[in-house]
Protein chains: 4
Amino acid sequence: MQQGFNKKKIINDPVYGFVSIPSELIYDLIEHRYFQRLRRIRQLGLSNMVYPGAQHTRFQHVIGAMSLTVQAVDILRSKGIAINAEECDAVCASVLLHDMGHGPFSHTLEEVIIKGVHHEDISLAFMQRLNDELQGRLGMAIDIFRNTYHKKFLHQLVSSQVDMDRLDYLRRDSFYTGVQEGVIGHDRIIHMMNVVDDEIVIEEKGIYAIEKFLIARRLMYWQVYLHKTVIAAEELLVRILQRAKFLAGNGIELFASPAFRHFLYHTPGKADFFSNPQHLDLYSELDDSDIFGALKVWCSHTDAVLSALCKQLRDRNLPKISIQHAPYDADEVEQLKISVAQRMNISVADAAYFVFSDRVMNTAYSPEGFNINILYRNGQVQDIAEASDQYNISALAKPVTKYFLCCPKNN
Amino acid sequence: MQQGFNKKKIINDPVYGFVSIPSELIYDLIEHRYFQRLRRIRQLGLSNMVYPGAQHTRFQHVIGAMSLTVQAVDILRSKGIAINAEECDAVCASVLLHDMGHGPFSHTLEEVIIKGVHHEDISLAFMQRLNDELQGRLGMAIDIFRNTYHKKFLHQLVSSQVDMDRLDYLRRDSFYTGVQEGVIGHDRIIHMMNVVDDEIVIEEKGIYAIEKFLIARRLMYWQVYLHKTVIAAEELLVRILQRAKFLAGNGIELFASPAFRHFLYHTPGKADFFSNPQHLDLYSELDDSDIFGALKVWCSHTDAVLSALCKQLRDRNLPKISIQHAPYDADEVEQLKISVAQRMNISVADAAYFVFSDRVMNTAYSPEGFNINILYRNGQVQDIAEASDQYNISALAKPVTKYFLCCPKNN
Amino acid sequence: MQQGFNKKKIINDPVYGFVSIPSELIYDLIEHRYFQRLRRIRQLGLSNMVYPGAQHTRFQHVIGAMSLTVQAVDILRSKGIAINAEECDAVCASVLLHDMGHGPFSHTLEEVIIKGVHHEDISLAFMQRLNDELQGRLGMAIDIFRNTYHKKFLHQLVSSQVDMDRLDYLRRDSFYTGVQEGVIGHDRIIHMMNVVDDEIVIEEKGIYAIEKFLIARRLMYWQVYLHKTVIAAEELLVRILQRAKFLAGNGIELFASPAFRHFLYHTPGKADFFSNPQHLDLYSELDDSDIFGALKVWCSHTDAVLSALCKQLRDRNLPKISIQHAPYDADEVEQLKISVAQRMNISVADAAYFVFSDRVMNTAYSPEGFNINILYRNGQVQDIAEASDQYNISALAKPVTKYFLCCPKNN
Amino acid sequence: MQQGFNKKKIINDPVYGFVSIPSELIYDLIEHRYFQRLRRIRQLGLSNMVYPGAQHTRFQHVIGAMSLTVQAVDILRSKGIAINAEECDAVCASVLLHDMGHGPFSHTLEEVIIKGVHHEDISLAFMQRLNDELQGRLGMAIDIFRNTYHKKFLHQLVSSQVDMDRLDYLRRDSFYTGVQEGVIGHDRIIHMMNVVDDEIVIEEKGIYAIEKFLIARRLMYWQVYLHKTVIAAEELLVRILQRAKFLAGNGIELFASPAFRHFLYHTPGKADFFSNPQHLDLYSELDDSDIFGALKVWCSHTDAVLSALCKQLRDRNLPKISIQHAPYDADEVEQLKISVAQRMNISVADAAYFVFSDRVMNTAYSPEGFNINILYRNGQVQDIAEASDQYNISALAKPVTKYFLCCPKNN
């Protein structure tokens, strides 16, 4: 009788077609409730306010990144790079779990919900818990994640300037937003990968694909991730949470799920967060529905500031935002607050929830730490910033800063 | 100076590229809070349990269907069919609003949350409220929706065997699930539309595209909408809601947002629903996050049945499901319940939440009411079931029924 | 130092992305001049007269089919089917070479240029020549092609109802024509393949994909391959060649490349074709440019019939064609010839080059020989015609015949 | 009875879906034999040697560019820019005909087949002939093409830094080669077009799309159009033609179609070409099949140089090519010629057909003449080179030159 019937688990992915689960370990990780939580966390937070198609989840993203890792391992092996089965499994697991620490609306709320705790540390904490449950089967994956494994190039697949994470998210975010400017030749880049001196290099033929990747990444930043309407929505959400925590700090009752309530009424520091397992337990229950579910109820809260902010976000009646290359004049911002305070009949201090200015920054290529190395036919290796024949890739290393100013629409 | 700068509002859609908002009326409808709610309701409910990409929302779908309507109007006009600007606006509005009555996990929960109230009636109620707010600007749109407008073919664009709704959802669901079997030539079908005797017909050249459309629709039903794992998830959700309402009916406290709580603790009949505006007010606040937000909290409810069911769905530890063409033997199902009751230490009555059997049905082509008419070059018009040269399209009109049986996985 | 740098040859394919050349044998075959000829033969002959995008070549198609074969072998191996490296190479080579015998505008001209010699026999002849050159390295590939190899299922990958040839051409032709109706889930079908009793079967989950494949194939026939304007163009080309051979037979001088001239002035029978190596030598030089290059020159030939026909094709001033399900009345056709003869001032016999009627036929599913077997979870195997729950797949086995009548446009 | 049935002519295009023929004038132009010739000329010449998918024709390209023009006119009109029906028709005709002067392998052979005659002048000559045939209906189109029409911005749609030609060819070449790096947001660019002071400008929101367009264009140059293997193939073809003309000049007989023979045995200067209508008559008969049809026959020519070169191209046994940023040392090249001459037993002069060095150059953005202007929300207009916030778009204006050296493979 035929063997293996229906043993091979595959996942339908609109971006790559079918994705195969490469091993039982990976299968067990995906089935775990910590991992399933990622099904309920959108990859791009509030970007769907501008790009309605951007509903994809972190679950889809890490499955995709894992499938690119399998492909990269295959290509490297075909070029004679030794990667054994256990290492392949470990690097796949590492890619799969690297984003597990993300909470709902992660980049936006990281500093509001749990101050001073970085999502990568939370990922590591989850990995260690899973490793205990799995009797140490994740040891090598954790080593690769922490870059303590002796084959350093494996860590670079997980985290570097051209890691599987970036290759997948550019491709996927571009697919779901409909912004064609972000389409990259991930296939070509992976086919051009090689290893020299324990570091990932890109063969000469892939140089244009890398340039395109760097440009595409920059364009996606300004056109999607830092699109001004997206910033307005995210900053609004930050202020909602800040107000809610302020109210909670004053003992005022707020509707929230138990897990979310915990983080509204407590602010564990980093040390506390990792020493008391209850924090991580509750954190593992949070997803987008906790935040939006509460926010909708807060629309009828008696606190006028909170309810006004929440309605703005629920009904997509977002703040007016303007952007410029220089900071906004502090006096001007202050005047604006005063006029809003008067019109809304609130204090000038509270007006700061409606009128605010800050900055956003992006660097397309940050060669410190890891750079992108090009391997020439003659064996020579050179940084892309020098290898590129035309323009100043190095210019991409210069951070771009923009300043924004938000105020209510009808102002 | 240049005119119209940035007046033309466009929406990025990964399926069609750019979608233009055709008029101010349509713009105002989209901005309304009732409409914005559709951003938070997934088009395919729990299908993402099988197809992780299926995260798209009803918002995206109706915007897409509206854009196909604009295209259809253009094509029909180019063939000499008179459609004035007001009619164009009205049919677009009608398509845009036809799905407004959907609640969260609509097809699944319709009969559980508000018994006996059909989502199309709720759509109409919303439309009438909006019409009041907009001083009657929606009058013609409502007439078209109710098929009381004298140009009947406009209603067929909103609702018929090949309406804009179906053309969009097949294309879109296929895009987001990654199931290529559902890709249809919506472009060709729309280009082949014409009007004869006040009815939409498809010109002869479009006959294969129509056949393909009927087949694709059938395949999408069995491969996506009625995929057995999707059925298992949806039936599980139904039982969770039934249990919650049972507990609510017994005065037991359940975590829920106020809007959701209202429908857990009350069951308005159809007449009551439409006469007391409070019901629709609260209904307009419901979305996916109310359901899943509560369900996650119920995982630690003291009622063992409720918490067990909720954990199954949250962690995607879905019931084992089998499918067959004949009903399952009632005795066998009963035996299964008894054994589950014993193993879980619950009553046989409660075991019915874990062991259950029912049927699903689909008809690919239901010609009663509206059929699909083919227009030949010689002016003759014929139903597709007769026009198709090879097989029995009429066979597609025969409903297919399948029976399923669910029980806990480790049984 | 790194190994294998740039050894792995890849081909850019717009349909599948990158295609890897799996082995040195395959690489050598592709580099051979017999194979390179396929770069100059369009896959769809004159279909570009209707679908301007249909310019793809047989080279692209067989490379694509070969890459699907590699994928199928991988899937089958993962299910425990034993296929060793040599067998993998052989079945790939077999798929790669199975179309090598095609000449320019093959399906159209097969019976005109070399009467009675089937293109598959010519493929075999080429394979045997190559096998000699390659010191027998193609022995197993030839056995698989001829179905004399003991693992019969390998031959089915090369030639059967769902072989790699069909999976590729439907996908590819659909891509290049822009006819979305032909898009199939080739990926799903290949993932669902298995082997039972030395025969390829499709696992139960793939049943809808197979139905869709059969329907898509039928639609592509009527919408592309047998599109009436394509038939008009192809039948016109047949008549051009018939007239040219008639003139050649009468010793009249015709411009042509030496290879084409050989087949205009000689008509080797099957036995002669294979016994005298000169025929195959010259055949191996023929491609689309020989035919069209000559045809363009014949536009100014002194023979009025030949030049008129050639101008029609060159300038896409194609015959008027009508289609019906019954044969055309012979008297009517005769009358038409007489009237055309008078108007063009030619004999009624010559008018048959301008006025002609014939039939085309297609069967979507021909289970004789090979059928498509579905493998159920319980191990049972059943023909798709019985397995499909709804309609009459068996109806697809009934050939559809259509009759056409062509005459000059201005008639 | 229904009107307009089947009057609207549409063309299936795999890149954009359906393209509608906007008017009778455009329909008549497309049907003309001069235009139909473009069906037989590949857009990318010999690029298919590297990218087998690159088989698309100039016919497809200009139809595509025309359809983008219709879209651009629609967008501009919606912003209040006055373009009447006649102007719309004229600018479409102008785009459609602007490439008509291209011969087979145009960029490669322009300077070999007809020295000193630019393809744009030939396009104009064709347009004037057509204008005579059409009783002056092309007058305005010709004015727009020559930039003598008073609305200068219409000419910019035909020819400028972001004209419809470029938008289509980047998108299309990228589609057919499978090089995703060339995908551009043509849709976004067109939606962002506006007119200020009779010049096309791009609204601020389109700035990233324009940057991406410039980068994509550069990448396509180096990755496709000037890919080193493509250069090797094209330079080989140039040498084949040079040798053939040399032999023809010495009275040696060469197989060729009459039209091709004319240009082998005569070399009309620019003045002669346009004054004697026979040249344009014969030129209008040339297409890819003339060149390749002859070249294949020349493989058995008695001239050893010619036959060796032709076999290399036919069998894709291309010269070895190396690329560098500085010129190759003349002595080194000379030495190489001598050694090849000895090995092939030919003169050193003839060895120059096999060993040769030259340079290729590309400028991604050439602002002289036309530049790309960005329109800000405040009405200000600025060149993209200054408007772009990060890098040196101006660096893209610096031409990049590369030097290549070819010699036979087995050297």
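Source: prediction; values computed, not measured.

Visitor: Outline the overall build of chain A, listing residues and values.
Guide: Across its full length, chain A carries 20 helices and nine strands. Judged by the C-alpha coordinates and their principal axes, chain A covers about 70 × 55 × 40 Å. Restricting to contacts in chain A with at least 6 residues of sequence separation, those with at least 24 account for 70%.

Visitor: Describe the nonpolar core, listing the residues and the values that go with them.
Guide: Grouped together as the largest cluster of nonpolar side chains are 257 residues, with contacts concentrated most on Val91(A), Val95(A), Val91(D) and Val95(D). Other than its neighbours up to four places away in sequence, Val95(D) contacts Val62(D), Ala65(D), Met66(D), Thr69(D), Leu157(D), Val158(D) and Met164(D). Ile122(B), Ala233(B), Leu286(B) and Val195(C) belong to the second-largest nonpolar core, a separate cluster that totals 254 residues.

Visitor: So what's going on with the interface of chain B and chain A? Residues and values would help.
Guide: Tallying the contact residues gives 34 residues for chain B and 34 residues for chain A. The set of elements that each furnish at least two residues to the side of chain B that touches chain A consists of strand E1 (10-13), helix H2 (33-36), helix H3 (58-78), helix H9 (164-177) and helix H16 (288-298) of chain B. Sorting elements by how many residues they give to the side of chain B that touches chain A places H16(B) first, with six residues. Taken together, the residues of the side of chain B that touches chain A break down into twelve nonpolar, 13 polar and nine charged.

Visitor: An account of the environment of Glu334(B) is requested, with residue identities and associated values reported.
Guide: Residues and elements named next belong to chain B. With respect to the helices and strands, Glu334 occurs in helix H18 (residues 330-344). Of the residues examined, Glu334 has 14 C-beta atoms within 10 Å and is grouped as partly exposed. In this structure the C-alpha to C-alpha distance between Glu334 and Leu375, which are 41 residues apart in sequence, comes to 54 Å.

Visitor: So what about the relation of the copies chain B and chain A? Which residues, and what values?
Guide: For the match of chain B to chain A, the screw axis carries a shift of 0.0 Å, the RMSD comes to 0.0 Å, and the turn is 180°. Taken together, these values place the two copies in the relation of a two-fold axis. Rotation axis and chain B: the residue whose C-alpha lies nearest the axis is Ser289(B), separated from it by 2.3 Å. A shared binding surface is used by both copies, with 97% of the interface residues of chain B retained as interface residues in chain A.

Visitor: Which residues make up the sheet that holds strand E5 (residues 320-324) of chain A, and what are the values?
Guide: All names here are of chain A. Strand order in the open sheet formed by three strands is E5-E9-E6, with antiparallel pairing between adjacent strands. The open sheet has two edge strands, E5 and strand E6 (356-362), and neither has a second partner. Sheet twist, expressed as the mean angle between neighbouring strand axes with direction ignored, is 25°. Here five bridges tie E5 to strand E9 (residues 400-407), and the two strands are oriented antiparallel to one another. Opposite Gln324, over in E9, you have Tyr403 as the bridge partner. Across the sheet, helix H12 (residues 228-249) lies against E5, E6 and E9, angled at about 120° from E5, the strand it touches most.

Visitor: How would you summarise the sheet that holds strand E3 (residues 193-196) of chain C if you had to cite specific residues and measurements?
Guide: Residues and elements named next belong to chain C. A sheet is described by the order of its strands in space; here four strands give the open sequence E3-E4-E7-E8, paired in mixed fashion. With partners counted over all chains shown, the strands left at the sheet margins are E3 and strand E8 (381-383), one partner each. Recorded for the sheet is a direction-independent mean angle of 45° between the axes of neighbouring strands. Where strand E7 (residues 373-375) meets E8, three bridges bridge the pair, whose relative direction is antiparallel. Note on E8: the bridge partner recorded for Asn373 is Asp383.

Visitor: Can you lay out the confidence of the model for chain A for me, pointing to particular residues and giving the numbers?
Guide: Residue and element names in this part refer to chain A. Scored by pLDDT, chain A has a mean of 91; 94% of the residues are at 70 or more. Highest mean pLDDT in chain A belongs to helix H7 (residues 139-145) (98); lowest belongs to helix H20 (residues 384-387) (78). For the stretch residues 1-7, pLDDT sits under 50, and the model shows 14 contacts to residues farther than four places along the chain or on other chains. If you check the scores for this complex, the pTM reads 0.89 and the ipTM reads 0.93.

Visitor: I'd like a description of helix H4 (residues 85-97) of chain B, backed by residues and values.
Guide: Since one α-helical turn is 3.6 residues long, residues separated by three or four positions face the same way. All names here are of chain B. Between its first and last C-alpha, H4 extends 18 Å over 13 residues, near the 18 Å set by a 1.5 Å rise per residue. Taken across its 13 residues, H4 has ten buried, putting it largely inside the fold. Buried residues of H4: Cys88, Asp89, Ala90, Val91, Cys92, Ala93, Ser94, Val95, Leu96 and Leu97, and no others. Buried residues belonging to H4 abut helix H1 (24-31), H3, helix H6 (119-133), helix H7 (139-145), helix H8 (152-158) and H9.

Visitor: Lay out the pairing of strand E1 (residues 10-13) of chain D with the relevant residues and their values.
Guide: Along any regular strand, the residues point their side chains to alternate faces of the sheet. Direction of pairing for E1(D) relative to strand E2 (residues 17-20) of chain D: antiparallel, over a ladder of four bridges. Across the sheet, Ile11(D) pairs through a bridge with Val19(D), a residue of E2(D).

Visitor: I'd like to hear about the domain arrangement of chain A, residue by residue, with values.
Guide: Residue and element names in this part refer to chain A. Domains assigned within chain A are domain 1 (10-227 + 365-395) and domain 2 (228-361). Inter-centroid distance (C-alpha atoms) of domain 1 to domain 2 is 31 Å. The interface of domain 1 with domain 2 comprises 25 residues on the first partner and 28 residues on the second. Contributing elements (two or more residues each) for the side of domain 1 that touches domain 2: helix H5 (106-113) and helix H6 (119-133). In terms of residue class, the side of domain 1 that touches domain 2 is built from 15 nonpolar, six polar and four charged.

Visitor: Describe the packing of helix H3 (residues 58-78) of chain C against helix H4 (residues 85-97) of chain C, with residues and values.
Guide: Residue and element names in this part refer to chain C. Interhelical geometry of H3 versus H4 gives an angle of 155° and a closest axis separation of 8 Å. With respect to each other, H3 and H4 are oriented roughly antiparallel. Here the hand of the crossing between H3 and H4 comes out right-handed. Seen from H3, the contacting residues are Val62, Ala65, Met66, Thr69, Val70 and Val73; seen from H4, they are Cys88, Val91, Cys92, Val95 and Leu96. When grouped by side-chain class, the residues that make up the contact of H3 with H4 number ten nonpolar, one polar and no charged.

Visitor: Account for unusual backbone geometry, naming residues and giving values.
Guide: Residue and element names in this part refer to chain B. Within the chain, Gln135 stands out as a residue other than glycine whose phi angle is a positive 55°. For Asn147, which is not glycine, the phi torsion reads 60° and is therefore positive. Residue placement: Asn147 occurs in the loop between H7 and H8. With 12 C-beta atoms packed within 10 Å, Asn147 lands in the exposed category.

Visitor: Account for the environment of Val381(A), with residues named and values stated.
Guide: All names here are of chain A. Tracing the backbone through its elements, the reader meets Val381 in strand E8 (residues 381-383). Using a count of 15 C-beta atoms within 10 Å as the deciding quantity, one classes Val381 as partly exposed. Placed 179 residues apart in sequence, Val381 and Ile202 show a C-alpha to C-alpha distance of 9.2 Å. When neighbours within four sequence positions are excluded, Val381 is seen to be in contact with Val196, Val201, Asn373, Ile374 and Leu375.

Visitor: How would you sum up the packing of helix H16 (residues 288-298) of chain A against helix H17 (residues 304-314) of chain A? Please name residues and give values.
Guide: Each packed pair of helices is defined by two parameters, the angle between the axes and the distance between the axes. Residues and elements named next belong to chain A. In the contact formed by H16 and H17, the axes pass within 8 Å of each other and the chain directions differ by 120°. Comparing the axis directions of H16 and H17 gives the class oblique. For the element pair H16 and H17, the recorded crossing hand is left-handed. Residue-level contacts link Leu295, Lys296 and Trp298 of H16 to Leu306, Ser307, Cys310, Leu313 and Arg314 of H17.

The rules behind these values
- Residues numbered from 1 in each chain as written.
- Chains lettered and ligands numbered in written order.
- Predicted model: local features only at pLDDT ≥ 70, side-chain atom pairs only at ≥ 80, totals over all residues.
- Helix = DSSP H or I, 4+ residues; strand = E, 2+ residues; numbered from the N terminus.
- Contact = placed C-beta atoms within 7 Å.
- Core = buried A, V, L, I, M, F, W, Y, C linked by C-beta atoms within 7 Å.
- Buried ≥ 20, exposed ≤ 12 C-beta atoms within 10 Å, placed from the backbone.
- Nonpolar A, V, L, I, M, F, W, Y, C, P; charged D, E, K, R; others polar.
- Least-squares fit on C-alpha atoms with pLDDT ≥ 70 in both.
- Pairing = 2+ DSSP bridges.
- Axes fitted to C-alpha atoms, helices over the stretch in contact; angles between N-to-C directions.
- pLDDT = per-residue confidence, 0-100.
- Expected span 1.5 Å × (residues − 1).
- Domains from an automatic or database assignment.
- Parallel < 35°, antiparallel > 145°, perpendicular 65-115°, else oblique.
- Left-handed = near helix turned anticlockwise from the far one by under 90°.

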